[in-house]
Amino acid sequence: MDVVTAVVGALLVLLALRDVFHTLFHPGDHGAFSARICAALWAVGSRAGRRGELLAGPLSVVLAMLLWIALLVAGFALLYLPLLPAGATYGHGVPSRGGVEGAAYLSSVALATLGLGDVVLTQPWARLLVPLQGLLGFGVLTAAIGWTSQIYPALARRRSLALDLSAALRATAHDRVAVDQLHRWTAALSAVTVDLVQNSETFYFRESDPRLGLGSLLRDLDLVTAAAREGVEDPSDRQVAQGALDELVDHLLVVLSAQFDLPTDRSGMLAALAPRGAAKD
């Protein structure tokens, strides 16, 4: 039974590390639990209305990080469980506690790198588990903070491009946009596309202002690049720039379709991502 407990604990630890790896270093993979959490919360939130959509993205990130912590705490607690209380020494006034409670306490303290020292495992090989868990805990917590710090700059780039497009189209006709502006939008859209690959969870962050959302961004890009799809044989500089932007829009649609099971055609994608309107709280 002790062997089974230890094996299950080790599997939980490996599962947590695998999910952290896929989320942070192999983004876009459908095997990560974090991606499934985002998709599930988005499905629930979209049924709950606009407020549910706005909460789905941030809440899914928090739940993914809590899942990593819970798996590491539970996994190491199962490794400690057969060793307590006989295989540990306890500080003065600290009750000798075994069972799930004692193992969970030791695992939580080790993961948080508190180093209280009130419970010390006595077997040499077992004593290595506590610093190992501390290192893993420090690494995962640091990675979670770094993950969060990457999300909001990516959202800012997407919002900035969407707002720039919206303002430009209100000020001038879509076929009169300056060539330099088209090139700037192409560069900005490249960054947005990379962001959606490297930080796919940003797809589930929806905006209270529809002008800043991904659906509005794609709709405005479709308007700007419409002339590039008219088949002009001797294109001008503007049409060449529109064509380049349109190619990048097509690439973005492929990324969205592959990662988020959205329609493959442009009209279907625009309909699926069409904003519902601003929230009224």
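Parameters and conventions
Residues numbered from 1 in each chain as written. Predicted model: local features only at pLDDT ≥ 70, side-chain atom pairs only at ≥ 80, totals over all residues. Heavy atoms only, no water. 1 Å grid on protein atoms, 1.4 Å probe; cavity = no way out; pocket = protein on both sides within 12 Å on 5 of 7 lines; lining within 4 Å. Points joined across faces, edges and corners; volume = space filled by probe spheres on them. Nonpolar A, V, L, I, M, F, W, Y, C, P; charged D, E, K, R; others polar. Helix = DSSP H or I, 4+ residues; strand = E, 2+ residues; numbered from the N terminus. Expected span 1.5 Å × (residues − 1). Buried < 20%, exposed > 50% of the residue type's maximum accessible area, 1.4 Å probe, protein only. pLDDT = per-residue confidence, 0-100. UniProt positions renumbered as here; feature names shortened; annotations may be inferred. Axes fitted to C-alpha atoms, helices over the stretch in contact; angles between N-to-C directions. Parallel < 35°, antiparallel > 145°, perpendicular 65-115°, else oblique. Contact = heavy atoms within 4.5 Å. Salt bridge = Lys/Arg side-chain N within 4 Å of Asp/Glu carboxyl O.

S.K.: What is the right way to look at empty space enclosed by the protein in this model?
M.R.: Rolled over the atoms, a probe with the dimensions of a water molecule shows which regions are left empty. The final tally for this structure, using the stated rule, is two cavities of 30 Å³ or more. If you add up the space inside the largest cavity, you get close to 40 Å³. Taken together, the residues of the lining of the largest cavity break down into six nonpolar, one polar and one charged. Lining the second largest cavity we find Ala154, Leu155, Arg158, Val192, Asp195, Leu196 and Thr202. Of all the secondary structure elements, the ones that give two or more residues to the lining of the second largest cavity are helix H6 (129-171) and helix H7 (179-198). Along the lines of polarity and charge, the residues of the lining of the second largest cavity split into four nonpolar, one polar and two charged.

S.K.: Would you mind showing me how to read helix H1 (residues 2-24) here?
M.R.: Structural remark: α-helix, 3.6 residues per turn; residues separated by three or four positions point the same way. An ideal rise of 1.5 Å per residue puts 33 Å on 23 residues; H1 measures up with 33 Å between its terminal C-alpha atoms. Of the positions making up H1, those classed as buried are Thr5, Gly9, Val13, Ala16, Asp19, Val20, His22, Thr23 and Leu24.

S.K.: I tried to follow the confidence of the model for the chain on my own but got confused; where do I start?
M.R.: Close reading of the predicted structure is inappropriate where its pLDDT is low. When pLDDT is averaged across the chain, the result is 86; 91% of the residues are at 70 or more. Ranking the elements of the chain by mean pLDDT puts helix H2 (residues 33-47) last, at 84, and H7 first, at 93.

S.K.: Quick question: what am I supposed to make of the UniProt feature "domain: Potassium channel" (unreviewed entry) in the chain here?
M.R.: In the numbering used here, UniProt assigns the feature "domain: Potassium channel" (unreviewed entry) to residues 71-146. Split by type, residues 71-146 is 59% helix and 8% strand. Its first and last C-alpha atoms lie 19 Å apart.

S.K.: Sorry, what's going on with the packing of helix H3 (residues 50-80) against H6 here?
M.R.: At a minimum axis distance of 11 Å, the contact between H3 and H6 shows a crossing angle of 175 degrees. The angle between H3 and H6 places the two elements in the roughly antiparallel class. Counted together, Val61, Ala64, Met65, Trp68, Ile69, Leu72, Val73, Phe76, Leu79 and Tyr80 of H3 and Leu129, Val130, Gln133, Leu136, Val140, Leu141, Ala144, Trp147, Thr148 and Ile151 of H6 form the full contact between these two elements. A class-by-class count of the residues in the contact of H3 with H6 yields 18 nonpolar, two polar and no charged.

S.K.: Teacher, can you tell me more about the UniProt feature "transmembrane region" (unreviewed entry) in the chain here?
M.R.: In the UniProt entry, the feature "transmembrane region" (unreviewed entry) is given for residues 28-45, 57-83, 103-121 and 128-147. Annotated as 89% helix and 0% strand, the span residues 57-83 places its first and last C-alpha atoms 40 Å apart. For residues 128-147, the end-to-end C-alpha separation is 28 Å, with 95% helix and 0% strand making up the annotated structure.

S.K.: Would you take a moment to explain the pattern of salt bridges for this structure?
M.R.: If charged atoms from side chains of opposite charge come close, those side chains can pair. For the structure shown, the criterion picks out seven salt bridges. A salt bridge links Arg159 to Glu207, with the shortest nitrogen-to-oxygen separation between them at 2.9 Å. Separated by 48 residues along the polypeptide, Arg159 in helix H6 and Glu207 in the loop between H7 and helix H8 (214-224) bring together distant segments of the chain. Judged by relative accessible area, Arg159 falls into the partly exposed class, the value being 26%. With a shortest N-O distance of 3.0 Å, Arg266 and Asp222 are connected by a salt bridge.

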